[in-house]
Each structure stands twice: as structure tokens, then as C-alpha cells.
Amino acid sequence: MAKELSEESGFNISIKSLAGIGFMMATIIGMWFTLQADIAEAKELPELPPSEVTRMEFDMKDQLIRQTIMTTQKDVEELKEDMGRIEEKLDRLIEKK
């Protein structure tokens, strides 16, 4: 019951299916050309400057780091003073009992 293919063999396809196939082909071809255009545009974009650190940038970062360290040092000194006061208060409370 197998059908043989020959020169006289044929197949039926609806207009709706042909339109669907044509639409799919047009979509794929359109996507291909859009992709090619995006690639060509990306090739023309200017190159990024080299990521070398300039002396000015280095100095600014160094200054920022030093300022941060000094601020942190002041904060630590304030915390030490607060801890000293807390310890004194605790000692006074313990002595009262």
C-alpha cells in the first residue's frame, strides 16, 4: 500500500499554506538583512579609547582613597571615645551595686 513517487505524482497545498510559507520566508529574509545592517553599523562605530589610567585619574583616585582613610580614622577615634565613656558608666554602675 505504499505510494510510489514518479513524474506524474503530485501533491495538493492550499493557498492559505502557501501564504503562510511566503510570510515565514519574508520574515526570515527581513531578519537576515536587518542583522547584516546591524553588524555593518557596529563595524563603523568608533573604537573605545584605550583604558590606560592617566596620571590625573590616578592622583584623583589616590586622593579619594586617602580622604576615605582619614574619615574612617576619625570615625574610629570617635567610637573609641564613646566606648571609653560607656566603660566608665558601666564601672560606676557596678561600683554602686
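The following paragraphs examine the structure supplied in this document. (Residues numbered from 1 in each chain as written. Predicted model: local features only at pLDDT ≥ 70, side-chain atom pairs only at ≥ 80, totals over all residues. Heavy atoms only, no water.)

## Description of the pattern of salt bridges
According to the stated counting rule, one finds five salt bridges in the structure shown. Between Asp59 and Arg55 there is a salt bridge, with its nearest N and O atoms 3.5 Å apart. Taken together, the residues span about one helical turn, with Asp59 and Arg55 both in helix α2 (residues 55-96) at a distance of four residues. Glu88 is the salt-bridge partner of Arg92, the closest N and O atoms lying 4.0 Å from each other. With a gap of four residues between them, Arg92 and Glu88 both fall in helix α2, about one helical turn apart. The class for Glu88 is partly exposed, based on a relative accessible area of 46%. (Salt bridge = Lys/Arg side-chain N within 4 Å of Asp/Glu carboxyl O. Helix = DSSP H or I, 4+ residues; strand = E, 2+ residues; numbered from the N terminus. Buried < 20%, exposed > 50% of the residue type's maximum accessible area, 1.4 Å probe, protein only.)

## Brief notes about a nonpolar patch on the surface
A contiguous nonpolar patch, built from Phe11, Ile13, Ile15, Leu18, Ile21, Met25, Ile29, Trp32, Phe33, Leu35 and Ile39 and spanning about 1200 Å² of accessible area, is present on the exposed surface. Tracing the sequence through the fold places Ile39 in helix α1 (residues 15-44). (Patch = residues over 30% accessible without salt bridge, like charges linked within 9 Å, V, L, I, M, F, W, Y side chains within 5 Å. Areas by Shrake-Rupley, 256 points an atom, 1.4 Å probe, with all protein chains shown as cover.)

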